[in-house]
Amino acid sequence: MRRIAILNQKGGVGKTTTVANVAAALAIAGNRVLAMDLDPQAHLTIHLGVDSENGADGAYEVLTKSAGIAESATQVRENLWLLGANIDLVGAESELVSVVGRETILREALEEVADDYDYMLIDCPPSLGLLSLNSLAAVNEIFIPVQPHFLALQGFSKLLQTITLVSKRINPQLKVSGIILCMFDSRVTLSSEVKADIEKFLESAKGTDCPWSDAEIVPVHVRRNIKLAEAPSYGKTIFEYEPKCHGSTDYQQIAQHIATMTNGQDTAEETTQTETNPDIESSTPQDTEPETTCSK
Ligand SMILES: Nc1ncnc2c1ncn2[C@@H]1O[C@H](COP(=O)(O)OP(=O)(O)O)[C@@H](O)[C@H]1O
Ligand SMILES: [Mg+2]
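So, here is what we can say about the structure in this document. The shown structure was predicted, so the numbers you read here are calculated from the model rather than taken from an experiment.

Quick word on the overall build of the protein
Here is step 1 of the chain: When its secondary structure is counted, the protein shows 12 helices and eight strands.
Here is step 2 of the chain: The long-range fraction of contacts in the protein, counting pairs at least 24 apart against all pairs at least 6 apart in sequence, stands at 79%.
Here is step 3 of the chain: Looking at the protein as shown, the accessible area adds up to about 12500 Å², and 49% of this sits on carbon and sulfur atoms.

Things to note about the pairing of strand β1 (residues 2–6)
Here is step 1 of the chain: With five of five residues buried, β1 lies mostly within the body of the structure.
Here is step 2 of the chain: Here β1 shows a buried face lined by Arg2, Ile4 and Ile6 and a second buried face lined by Arg3 and Ala5.
Here is step 3 of the chain: Sheet analysis places β1 next to strand β5 (residues 119–123), joined by five bridges and oriented parallel. Paired with Ile6 across the two strands is Asp123, which belongs to β5.
Here is step 4 of the chain: The pairing of β1 with strand β6 (residues 141–146) spans three bridges and is parallel.

Description of the sheet that holds strand β7 (residues 175–181)
Here is step 1 of the chain: Taken in spatial order, the eight strands of this open sheet run β3-β4-β2-β5-β1-β6-β7-β8, and their pairing is mixed. Of all the strands in the sheet, the pair left with one neighbour each is β3 (74–77) and β8 (216–217).
Here is step 2 of the chain: Taken strand by strand, helix α1 (residues 15–28) contacts β1, β2 (33–37), β4 (80–83), β5, β6 and β7, and its axis lies near 165 degrees from that of β5.

Looking at α1
Here is step 1 of the chain: Here α1 is 14 residues long and its end C-alpha atoms lie 20 Å apart, about the 20 Å a rise of 1.5 Å per residue gives.
Here is step 2 of the chain: Judged by how many residues are buried, α1 sits mostly within the fold: 12 of 14 residues are covered.
Here is step 3 of the chain: Looking one or two places after α1, you find Gly30, whose phi comes out positive at around 105 degrees.

Things to note about the site of ligand 1
Here is step 1 of the chain: In the vicinity of ligand 1 lie 14 residues, with Gly12, Lys15, Thr16, Thr17 and Asn225 positioned nearest.
Here is step 2 of the chain: Note that an oxygen atom of ligand 1 is positioned 2.5 Å from one of the side-chain N or O atoms of Thr17.
Here is step 3 of the chain: Contacts to ligand 1 include Asn225, whose backbone N or O atom sits 2.8 Å from a nitrogen atom.
Here is step 4 of the chain: When residues of the shell around ligand 1 are traced back to their parent elements, those giving at least two are α1 and α10 (226–230).

A short note on the environment of Ser135
Here is step 1 of the chain: Looking at where Ser135 falls in the secondary structure, it is placed in helix α7 (residues 130–138).
Here is step 2 of the chain: Linking Ser135 and Glu103, residues 32 residues apart in sequence, is a C-alpha distance of 8.5 Å.
Here is step 3 of the chain: Ser135 has contacts with Ala5, Leu38, Leu106, Ile122 and Cys124, leaving out every residue within four places of it along the chain.
Here is step 4 of the chain: Polar side-chain contacts of Ser135 include one of 3.0 Å to the backbone oxygen of Leu131.

Let's talk about the packing of aromatic side chains
Here is step 1 of the chain: Taken as a whole and judged by the stated rule, the model has three aromatic pairs.
Here is step 2 of the chain: Aromatic pair Phe201 and Trp212: ring centres 6.1 Å apart, planes at 25 degrees, arrangement stacked. You can see Phe201 sitting in helix α9 (residues 189–205) and its partner Trp212 sitting in the loop between α9 and β8, a full 11 residues away along the chain. Trp212 carries the same exposure label as Phe201, and that label is buried.
Here is step 3 of the chain: Here Tyr234 and Tyr241 contribute two aromatic rings whose centre-to-centre distance is 5.1 Å and whose plane-to-plane angle is 20 degrees, an arrangement assigned as stacked.

Quick word on the packing of α7 against helix α8 (residues 156–169)
Here is step 1 of the chain: Where α7 contacts α8, the two axes come as close as 10 Å, and the packing angle between them is 50 degrees. Our classification of the angle between α7 and α8 gives oblique. Between α7 and α8 the crossing geometry is right-handed. Counted together, Leu133, Leu136 and Ala137 of α7 and Thr162, Ile163 and Val166 of α8 form the full contact between these two elements.
Here is step 2 of the chain: A class-by-class count of the residues in the contact of α7 with α8 yields five nonpolar, one polar and no charged.

Rules behind the numbers
Residues numbered from 1 in each chain as written. Chains lettered and ligands numbered in written order. Predicted model: local features only at pLDDT ≥ 70, side-chain atom pairs only at ≥ 80, totals over all residues. Heavy atoms only, no water. Helix = DSSP H or I, 4+ residues; strand = E, 2+ residues; numbered from the N terminus. Contact = heavy atoms within 4.5 Å. Areas by Shrake-Rupley, 256 points an atom, 1.4 Å probe, with all protein chains shown as cover. Buried < 20%, exposed > 50% of the residue type's maximum accessible area, 1.4 Å probe, protein only. Pairing = 2+ DSSP bridges. Axes fitted to C-alpha atoms, helices over the stretch in contact; angles between N-to-C directions. Expected span 1.5 Å × (residues − 1). Near = heavy atom within 4 Å. Polar contact = N/O pair within 3.5 Å; in protein donor to acceptor, adjacent residues only side chain to side chain. Phe/Tyr/Trp six-rings, centres within 6.5 Å; stacked < 30°, edge-to-face > 60°. Parallel < 35°, antiparallel > 145°, perpendicular 65-115°, else oblique. Left-handed = near helix turned anticlockwise from the far one by under 90°. Nonpolar A, V, L, I, M, F, W, Y, C, P; charged D, E, K, R; others polar.

Take a look at the structure:
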């Protein structure tokens, strides 16, 4: 099973849209896919047409009540299952605060269903709290959606620092596989500038031991497309709502690309890392948080 988290602590960058439509595309292609909604806002759950207030079990029960994933997930399409979010998930972080091993609950729950799915995709919340940590402990691969606009890379060093710490302390297999440019508009200079900044940064990490040393910008960008913004309110994926639009083409191709990428698992090695400092923000000077560098 490929285990993938879609992570960026910024809201509104395209995480949920990416999980819903990449998961759907992979399922349409015949893969068994488990999508997980770890955002208490339950946007993925709603996007896939499930009522988040129906009282059904979901991620909350798995994290706090030792419920099994197989029993708590709902089949929502052919080949596609959802571990949904409900409003209780808001309280999960504080309920788990004194639980020993709280960062690895999801990872342990996944062991029982490791053979049941070909892909697992997690929609992470817009924070780097315990729900995101559980995601990072449970996956091998991370894709980071970025909306290439002003301040796009603000908070990036904090994000990378968290990934580095998790890879060092909890999950040595963790790798950033790619950056997905969402709501991309090639006519806007800023989009190309942000893309160039990220390219430069990823290039500088090549050959180092940091978790993003093999990361790429996914060559298919998600173009800005109003149909992608409309589909969730009908509880539909883009393939159901408007199969002949840019959004549909882009996500179908991204899913295809992800499917051909090497599984993060087999490149995993235990690495030693030194503290920090990616200067991704050298040309985007909005962030002065502590940073992370890697050694060659
Ligand atoms: N490529 C796109 N073109 C137009 N609107 C988009 C696109 N991707 C996402 N959206 C819309 O932008 C908003 C934020 O996207 P979302 O996936 O919910 O981000 P996140 O999960 O990171 O908060 C949503 O209203 C979504 O429908
Ligand atoms: Mg979201």
